[in-house]
Amino acid sequence: QVQLVESGGGLEQAGGSLRLSCAASGRTVGSSAMGWFRQAPGKEREFVAAISRGGGTIYADSVKGRFTISRDSAKNTVYLQMNSLKPEDTAVYYCAGRAYYYGASALSHEYDYWGQGTQVTVSS
């Protein structure tokens, strides 16, 4: 049984920061790749950031230089540090994990486990 639980979402002003956390159970975050996706109302789910088993990272162009994905294996938790927030970042953010593969991926269908999401709202 694998469970991913996101936390840390909330309301923040444009230019502010939030840190999202993804706590994993039934697996370790270092066992394979982990990622963050987001979905705004009326829009498709989109890739945000991912980290490989070895620590390599990839980011969507829209968040490069502002967001950072990281892993704390001792706490079995993946983080998304979100700086310089924009109203366009408003969405439900989902944590995802790959079951058997180590590489970071920007494709949602390559992930096997998903959290329930945490709401991030950025006011202008």
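Higher on the page you've got the structure.
Calculation rules
- Residues numbered from 1 in each chain as written.
- Predicted model: local features only at pLDDT ≥ 70, side-chain atom pairs only at ≥ 80, totals over all residues.
- Heavy atoms only, no water.
- Helix = DSSP H or I, 4+ residues; strand = E, 2+ residues; numbered from the N terminus.
- Rg over C-alpha atoms; globule rule 2.2 N^0.38 Å.
- Buried < 20%, exposed > 50% of the residue type's maximum accessible area, 1.4 Å probe, protein only.
- Contact = heavy atoms within 4.5 Å.
- Areas by Shrake-Rupley, 256 points an atom, 1.4 Å probe, with all protein chains shown as cover.
- Lys, Arg positive; Asp, Glu negative; His and termini not counted.
- Charge placed at Lys NZ, Arg CZ, Asp CG, Glu CD.
- Disulfide = S-S within 2.5 Å.
- Pairing = 2+ DSSP bridges.
- Axes fitted to C-alpha atoms, helices over the stretch in contact; angles between N-to-C directions.
- Phe/Tyr/Trp six-rings, centres within 6.5 Å; stacked < 30°, edge-to-face > 60°.
- Core = buried A, V, L, I, M, F, W, Y, C linked by side-chain atoms within 4.5 Å.

Caption draft 1: Expanded view of the overall build of the protein chain. Helix and strand content of the protein chain: zero helices and eleven strands. Written out in order from the N terminus, the α and β elements of the protein chain read β-β-β-β-β-β-β-β-β-β-β. For a compact globule of 124 residues, the expected C-alpha radius of gyration is about 14 Å, and the protein chain comes in at 13 Å, within 12% of that figure. If you line up the protein chain on its principal axes, its C-alpha atoms span 40 × 25 × 25 Å. Going through the 124 residues of the protein chain one by one, you find that 40% of them count as buried. Once local pairs closer than 6 in sequence are excluded, the contacts in the protein chain between residues at least 24 apart make up 60%. Counting only carbon and sulfur atoms, one obtains 46% of the accessible surface of the protein chain, whose full area is about 6,200 Å². Separation between the mean location of the 12 positive side-chain charges and that of the 10 negative ones in the protein chain comes to 5 Å.

Caption draft 2: Focus on the state of the cysteines. Using the criterion set out here, one finds one disulfide in the structure. Covalently, Cys-22 is tied to Cys-95 through a disulfide, its sulfur atoms 2.0 Å apart. One disulfide, between Cys-22 and Cys-95, carries an S-S torsion of -80° and so falls in the left-handed class. Pair noted here: Cys-22 is in strand E3 (residues 18-25) and Cys-95 is in strand E9 (residues 91-97), with a separation of 73 residues, a long-range link. Across the pair, exposure class does not vary: Cys-22 and Cys-95 are buried alike.

Caption draft 3: Fine view of the sheet that holds E3. One open sheet accounts for four strands, arranged E1-E3-E8-E7; its pairing is antiparallel. This sheet does not close on itself; its edge strands, each paired only once, are strand E1 (3-7) and strand E7 (67-72). Ignoring strand direction, the axes of neighbouring strands in this sheet form an average angle of 15°. In terms of strand pairing, E7 meets strand E8 (residues 77-82) through six bridges, oriented antiparallel. When the sheet's bridge partners are listed, Asp-72 is paired in E8 with Thr-77.

Caption draft 4: The arrangement of the packing of aromatic side chains in detail. A complete count under the given rule lists four aromatic pairs for this structure. Ring geometry for Phe-37 and Tyr-111: centres 5.2 Å apart, planes at 80°, overall edge-to-face. With a gap of 74 residues between them, Phe-37 in strand E4 (residues 34-39) and Tyr-111 in the loop between E9 and strand E10 (113-114) connect regions that are remote in the sequence. Residue Phe-37 shares its accessibility class with Tyr-111, and that shared class is buried.

Caption draft 5: Just the environment of Ser-123, in detail. Here Ser-123 shows up in strand E11 (residues 118-123). Along the primary structure Ser-123 and Val-48 are separated by 75 residues, whereas in three dimensions their C-alpha atoms are 20 Å apart. Sequence-distant contacts of Ser-123, that is, excluding residues within four places in its chain, are made with Leu-11, Glu-12, Gln-13 and Ala-14.

Caption draft 6: Here's a closer look at the nonpolar core. One finds Met-34, Trp-36, Val-48, Phe-67, Leu-80, Met-82 and Tyr-93 to be the most contacted residues of the largest nonpolar core, which totals 30 residues. Contributing elements (two or more residues each) for this core: E3, E4, strand E5 (46-51), E7, E8, E9 and E11. Beyond its immediate sequence surroundings of up to four residues, Leu-80 is in contact with Leu-18, Arg-19, Leu-20, Trp-36, Val-48, Ala-49, Phe-67, Thr-68, Ile-69 and Tyr-93.

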